[in-house]
Amino acid sequence: QGDFIKKHHKDVLLVGSVERMSSDVRKLCKLLKAKMPSSKKRRENKSSLLSTKLSPKAISNLKKHYALDFHCLKIMRDYKLIDKELWESYQTYSNE
């Protein structure tokens, strides 16, 4: 229900995301005054054989299933733990 975030938001140093992994790791290293880890390229699944398209029903089902997660993301947005751009990117799904 987001109670943990509400209670401890002032203790959060950084909320990272997969979408911004590289820049988030750089921010974290800067905050911790640590060296950047080696940037060894990881394997990516970019096969044209794999479809990422979801039906409207699938999108609706996922939104229902992850309703609590979206609620908690909204609380993080309210406390400015995630920025508006990232929050908005989670509100839509592109079937491209």
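Just above, that's the structure.
Note that this is a predicted model, so its numbers are computed, not measured.

> Just give me the short version of the overall build of the chain, but keep the residues and values in it.
What the chain contains, in helices and strands, is 5 helices and 0 strands. Helices and strands appear in the chain in the N-to-C order α-α-α-α-α. The C-alpha atoms of the chain give 17 Å as radius of gyration, which overshoots the globular expectation for 96 residues (12 Å, by more than 25%). A principal-axis box enclosing the C-alpha atoms of the chain has dimensions of 45 × 35 × 20 Å. Evaluated residue by residue, the chain yields a buried proportion of 15% over its 96 residues. Looking at the chain alone, contacts between residues at least 24 apart form 56% of all its contacts between residues at least 6 apart. Carbon and sulfur atoms provide 57% of the accessible area of the chain, an area that totals close to 8500 Å². In the chain, 22 positive and 11 negative side-chain charges are present, and the distance between their average locations comes to 4 Å.

> Which residues make up the side chain of histidine 9, and what are the values?
Relative to the helices and strands, histidine 9 resides in the loop between helix 1 (3-8) and helix 2 (21-32). Of note is the side chain of histidine 9, whose polar atom sits 3.0 Å from the backbone oxygen of lysine 6. Not counting the four nearest positions on each side in its chain, histidine 9 is found in contact with Phe4, Tyr79 and Leu81.

> Run through the environment of glutamine 1, naming residues and quoting values.
Examined against the element boundaries, glutamine 1 turns out to sit in the segment before helix 1. Along the backbone, glutamine 1 and lysine 57 are 56 residues apart, and their C-alpha atoms lie at a distance of 25 Å. Aside from chain neighbours lying at most four places away, what touches glutamine 1 is Lys6, Leu68, His71, Cys72 and Ile75.

What counts, and at which threshold
Residues numbered from 1 in each chain as written. Predicted model: local features only at pLDDT ≥ 70, side-chain atom pairs only at ≥ 80, totals over all residues. Heavy atoms only, no water. Helix = DSSP H or I, 4+ residues; strand = E, 2+ residues; numbered from the N terminus. Rg over C-alpha atoms; globule rule 2.2 N^0.38 Å. Buried < 20%, exposed > 50% of the residue type's maximum accessible area, 1.4 Å probe, protein only. Contact = heavy atoms within 4.5 Å. Areas by Shrake-Rupley, 256 points an atom, 1.4 Å probe, with all protein chains shown as cover. Lys, Arg positive; Asp, Glu negative; His and termini not counted. Charge placed at Lys NZ, Arg CZ, Asp CG, Glu CD. Polar contact = N/O pair within 3.5 Å; in protein donor to acceptor, adjacent residues only side chain to side chain.

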